[in-house]
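# Summary of the model geometry
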Amino acid sequence: MRAIYLTGESVYLRAIIAADKETAGAWYAGPFPINAARAEEWLKEVHTDLWGSNKPRRYVIARVADDTPVGGVALALRDNRRGFLTFAMAPWLDEADHLRAEALRLLVPWARDDLELMTLTFAVAADETATIDAAEALGMERTARLRDFVARPDGRVDRFLYQALNAPWRVGDA
Amino acid sequence: MRNPLMVGERVYLRALELEDGETLARYAAEESDTFMYRGRQPQSPIEFEIWLKDAYKANPPPYVEFAVCLRADDRLIGNMGIGDLDWVNRIGETGSYLGAAFRNSGLGTEAKHLLLEYGFERLHLHAIMSTVFEANTRSSAALAKQGYRPAGRLRWTDVKGGVYRDLLVFDLLREEWLAARDAWRATRAGADRGVALPR
Ligand SMILES: CC(C)(COP(=O)(O)OP(=O)(O)OC[C@H]1O[C@@H](n2cnc3c(N)ncnc32)[C@H](O)[C@@H]1OP(=O)(O)O)[C@@H](O)C(=O)NCCC(=O)NCCS
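For the structure given in this document, a descriptive report is provided here. As the structure is a computational prediction, the values presented were derived from the model and not from experiment.

### Digging into the side chain of A:Arg82
Summarising the element assignment, A:Arg82 is placed in strand E5 (residues 82–89). A polar contact of 3.1 Å, which involves the side chain of A:Arg82, links it to the backbone oxygen of B:Thr157. Filtering out sequence-adjacent residues up to four positions away, A:Arg82 remains in contact with A:Ala76, A:Leu77, A:Met118, A:Thr119, B:Trp156 and B:Thr157.

Here it is, written out as structure tokens:
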């Protein structure tokens, strides 16, 4: 099921399958536990828009080496033009920041060149430096800084919003 | 006052009731300002009623929404709330709407201070944000007065006049809100108590 155009060196993205209910803790967004029965129900609730773009598209981020799900990403669309990414990385990972950074390196060119989205926006905590470096290397702009928006065990850090702006769309904006 | 939760000098906040949908739909129909968003749209009282049936079910809720009412005669003048509540990071996003006749007389700012007091001092939120379509200069002016700080701009968010425009982002910490409220109270101290309210 791995999408050939969303496959990198250490992670790839794919559509969610029914068996993913067993590993929901890795890809489901949010700090609270979710069991397989609830994950199965939820997957049916969210996968009801096969041909539309009214519901976020959801993908599993899996490790190339062993196909283990290590996270999830949702892509919400507005007007089929503006995309919003939300990442959830498995809480047991040591290298979450690096794997999310690699997922971002797959997602941004796809959203810009394949889906031709006008903008792609996502939020990142100020201490998620590998993801920030990846965003900036991809040409994303930091368009907002929300002070103290993320709670950490030893204090708070800022949340940044990054946007990829699709240059060809600028033409009509002149 | 009917079922008040936060009480100010001229306005109070209470939970929205099902029948409030009728008034809110009327305010949408009577909208006279065109600069704030991409365009005006009629809203059905049925939509409001369906929304309000569920709006107070979840506990803790994903958002809190209030009716803004006049103390003088209990009239509903608009609604205001904190959305995208994140109970782990203790953050949320405020949003406000007053019927056209009730704008520009400081009622929105008075209500907002009640809402922020609720957010910071009852929910113990740490930080609050707000977003404003850049054409909505009145809303930005009101936020600045209430202590919010510019936090950036999300590019190319919606169309106005055939051009994609930005969404301005603001944030606010409790200390900044307290300072803004003190400043606002100082300006209100000598204010005429007999402000004429729309009929
Ligand atoms: C935004 C809103 C809640 C503010 O409440 P309000 O009671 O009108 O606000 P206030 O009267 O306290 O403050 C408005 C300020 O904007 C200023 N203002 C009015 N029109 C303005 C304009 N076109 N451009 C810039 N500033 C303007 C006023 O002078 C006032 O500032 P001052 O007190 O320093 O003179 C209310 O106007 C409203 O409901 N607007 C329509 C819906 C909306 O825009 N919601 C916000 C969406 S982000």
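### Examining the interface of chain B and chain A
With 26 residues of chain B at the interface, the matching set in chain A holds 27 residues. Taken together, the two surfaces of chain B and chain A that pack against each other cover about 2,100 Å², and 56% of this comes from carbon and sulfur. Counting the surface chain B buries against chain A, the share from its top three residues, B:Arg155, B:Trp156 and B:Tyr164, is 33%. Between A:Arg147 and B:Glu176 there is a salt bridge, and its shortest N-O distance comes to 2.6 Å. The set of elements that each furnish at least two residues to the side of chain B that touches chain A consists of strand E5 (91–98), strand E6 (127–133), strand E7 (149–160) and strand E8 (163–173) of chain B.

### Thoughts on the pattern of salt bridges
Inspection of the entire model under this criterion finds 38 salt bridges over all chains. The salt bridge involving A:Glu45 is made with A:Arg38; its shortest N-O contact spans 3.1 Å. Of the residues examined, A:Glu45 reaches a relative accessible area of 39% and is grouped as partly exposed. A:Arg38 sits in the partly exposed class, given a relative accessible area of 33%. Put simply, A:Arg100 and A:Asp97 hold a salt bridge, and the shortest N to O gap is 3.3 Å. Here A:Arg100 and its partner A:Asp97 are both found in helix H3 (residues 96–114), three residues apart, which amounts to about one turn of the helix. For the pair shown, A:Arg100 and A:Asp97 are each scored as buried. Residues joined by salt bridges that share partners form a network here, namely A:Glu141, B:Glu134, B:Arg153, B:Arg155, B:Arg165 and B:Asp166.

### Notes on unusual backbone geometry
With an omega dihedral of 0°, the bond running from B:Asn59 to B:Pro60 counts as a cis peptide bond. With respect to the element layout, B:Pro60 can be found in the loop between helix H2 (45–54) and strand E3 (64–70). In this structure, A:Asn80 is a non-glycine residue whose phi angle is positive, near 55°. Residue placement: A:Asn80 occurs in the loop between strand E4 (69–78) and E5. A positive phi is found at B:Asn104, a non-glycine position, where the angle reads about 70°. Within the secondary structure, B:Asn104 is located in the loop between E5 and helix H3 (107–122).

### Describing the layout of surface pockets
Residue and element names in this part refer to chain A. A volume near 300 Å³ is recorded for the second largest pocket. Contributing elements (two or more residues each) for the lining of the second largest pocket: strand E3 (57–63) and E4. Per element, the largest residue contribution to the lining of the second largest pocket is three residues, and it comes from E3. Class assignment of the residues belonging to the lining of the second largest pocket gives a composition of 10 nonpolar, five polar and four charged.

### Describing the environment of A:Ala111
Residue and element names in this part refer to chain A. Take Ala111: it is sitting in helix H3. With relative accessibility at 3%, the residue Ala111 sits in the buried group. In the structure, Ala111 is positioned 57 residues away from Asn54 in sequence and 17 Å away in space, judged by C-alpha atoms. The residues contacting Ala111, other than those within four sequence positions of it, are Glu116, Leu117 and Leu120.

### Structural notes on the environment of A:Val150
Considering the arrangement of structural elements, one finds A:Val150 in strand E7 (residues 141–152). Overall, the relative accessible area of 7% leaves A:Val150 in the buried class. Through-space distance from the C-alpha of A:Val150 to that of A:Ala125 is 6.6 Å; in sequence the pair is 25 residues apart. Dropping the residues within four chain positions of it, A:Val150 is found in contact with A:Ala125, A:Gly155, A:Arg156, A:Val157, A:Asp158, A:Arg159 and B:Asn89.

### As for the site of the ligand
All names here are of chain B. Within the structure, the ligand sits among 20 residues, and Leu98, Gly108, Thr109, Asn136 and Lys145 are positioned closest to it. In this structure, Arg103 approaches the ligand through a side-chain N or O atom, which is 3.5 Å from a nitrogen atom. Gly106 places a main-chain nitrogen or oxygen 2.9 Å from an oxygen atom of the ligand. Summarising the interface, the protein chains cover 72% of the accessible area of the ligand, which totals 950 Å² for the free molecule. If you list the elements that add at least two residues to the shell around the ligand, you get E5, H3, E6 and helix H4 (137–145).

Cut-offs applied
- Residues numbered from 1 in each chain as written.
- Chains lettered and ligands numbered in written order.
- Predicted model: local features only at pLDDT ≥ 70, side-chain atom pairs only at ≥ 80, totals over all residues.
- Heavy atoms only, no water.
- Helix = DSSP H or I, 4+ residues; strand = E, 2+ residues; numbered from the N terminus.
- Polar contact = N/O pair within 3.5 Å; in protein donor to acceptor, adjacent residues only side chain to side chain.
- Contact = heavy atoms within 4.5 Å.
- Buried area = accessible area lost by both parts, 1.4 Å probe.
- Salt bridge = Lys/Arg side-chain N within 4 Å of Asp/Glu carboxyl O.
- Buried < 20%, exposed > 50% of the residue type's maximum accessible area, 1.4 Å probe, protein only.
- 1 Å grid on protein atoms, 1.4 Å probe; cavity = no way out; pocket = protein on both sides within 12 Å on 5 of 7 lines; lining within 4 Å.
- Points joined across faces, edges and corners; volume = space filled by probe spheres on them.
- Nonpolar A, V, L, I, M, F, W, Y, C, P; charged D, E, K, R; others polar.
- Near = heavy atom within 4 Å.
- Areas by Shrake-Rupley, 256 points an atom, 1.4 Å probe, with all protein chains shown as cover.

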